Amino acid sequence: NNILDFSKLESGQMTVNSYPFYLVNAVKSMALRAEKRAEEKGLQWFFELGEGLPAYVEGDQEKMEQILWNIMDNALTYTKEGSVTFRVTTQSEESDIHNVYFIIEDTGDGIQDNTSNRMFLAFHHDSVRDDTKTLGLGLSTAERLSRLLGGNISVKSEYGKGTLVRIVLPFKVL
């Protein structure tokens, strides 16, 4: 899927399919899926749902889930021991558009300083992580999808200590 989606993003053929959905239910479902994978790997899993999160929103649920899963999959893949945390929050907004903040933090390998400026490039691999047999499209696809949805991704990482990824996506509250 990442190769096809990346190709559509590169060619400008990817479209946003906005429709009403239950944000809290979608996020909880993703958290359960990730929790099972964390348990299989012997990792601690933490999930925090912030107050004031809108329950029913309009947006592209499929692309939101793809962005989140790409990032969670990276966190779960590159964390050999320790924990992965998934937090979802929002700030109260005056308008009917709310920015929702998805934060995924792990105690994995972290990203080497000399590769951090290339982490959103397609097919990029951190040399420490080459044993994972991945294509290197997850972060690139997630970053491009977040921009397509009007959001953004930022990454803070310390090599040997872990990574924090912050995804901001706007949703119309219904």
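On a predicted model such as this, the values are computed, not experimentally measured, just so you know.

Caption draft 1: Seen up close, the nonpolar core. Leu23, Phe86, Phe102 and Ile167 are the most contacted members of the largest nonpolar core, which totals 36 residues. Among the elements of the structure, α2 (23-41), α3 (61-78), β4 (83-90), β5 (97-106), α4 (138-148) and β7 (162-173) are those that each provide at least two residues to this core. If we ignore the near neighbours within four places in the chain, the residues touching Leu23 are Leu53, Pro54, Ala55, Val57, Met64, Val100, Phe102 and Phe171.

Caption draft 2: Geometry of the packing of aromatic side chains. Per the counting criterion, the structure on display carries 5 aromatic pairs. Their ring planes at 55° and their centres at 6.2 Å tell us that Tyr19 and Phe21 sit as a pair that is tilted. Tyr19 sits in the partly exposed class, given a relative accessible area of 31%. Taking relative accessible area as the criterion, Phe21 reaches 4% and is therefore assigned buried. In textbook terms, an aromatic cluster arises when at least three aromatic residues are bridged by ring pairs, as seen for Tyr19, Phe21 and Phe171. We note Arg33 situated over the ring of Trp69; from NZ or CZ to the ring centre the distance is 3.8 Å.

Caption draft 3: Local environment of the pairing of β4. When you tally the buried positions in β4, you get 6 out of 8 residues, the bulk of the element. With 6 bridges connecting them, strand β2 (residues 44-49) and β4 associate as parallel partners. Bridged to Phe46 within β4 is Thr85. Here 7 bridges tie β4 to β5, and the two strands are oriented antiparallel to one another. Bridge pairing links Arg87 to Ile103 in β5. Between β4 and the antiparallel strand that follows it, β5, lie 6 residues.

Caption draft 4: Quick peek at α2. An ideal rise of 1.5 Å per residue puts 27 Å on 19 residues; α2 measures up with 27 Å between its terminal C-alpha atoms. Inspection of α2 places Leu23, Val24, Ala26, Val27, Met30, Ala31, Ala34 and Ala38 among the buried residues, and these make up the whole buried set. Along the axis of α2, the buried positions cluster into a sector of 155°, meaning they face one direction only. Residues of α2 that are exposed and angled more than 90 degrees away from the buried face: Leu32, Lys36, Glu39 and Glu40. Gly42 lies just past α2 and shows a positive phi near 75°.

What counts, and where the lines are drawn
Residues numbered from 1 in each chain as written. Predicted model: local features only at pLDDT ≥ 70, side-chain atom pairs only at ≥ 80, totals over all residues. Heavy atoms only, no water. Core = buried A, V, L, I, M, F, W, Y, C linked by side-chain atoms within 4.5 Å. Buried < 20%, exposed > 50% of the residue type's maximum accessible area, 1.4 Å probe, protein only. Helix = DSSP H or I, 4+ residues; strand = E, 2+ residues; numbered from the N terminus. Contact = heavy atoms within 4.5 Å. Phe/Tyr/Trp six-rings, centres within 6.5 Å; stacked < 30°, edge-to-face > 60°. Lys NZ or Arg CZ within 6 Å of the ring centre and 35° of its normal. Pairing = 2+ DSSP bridges. Expected span 1.5 Å × (residues − 1). Arc of directions from axis to C-beta.

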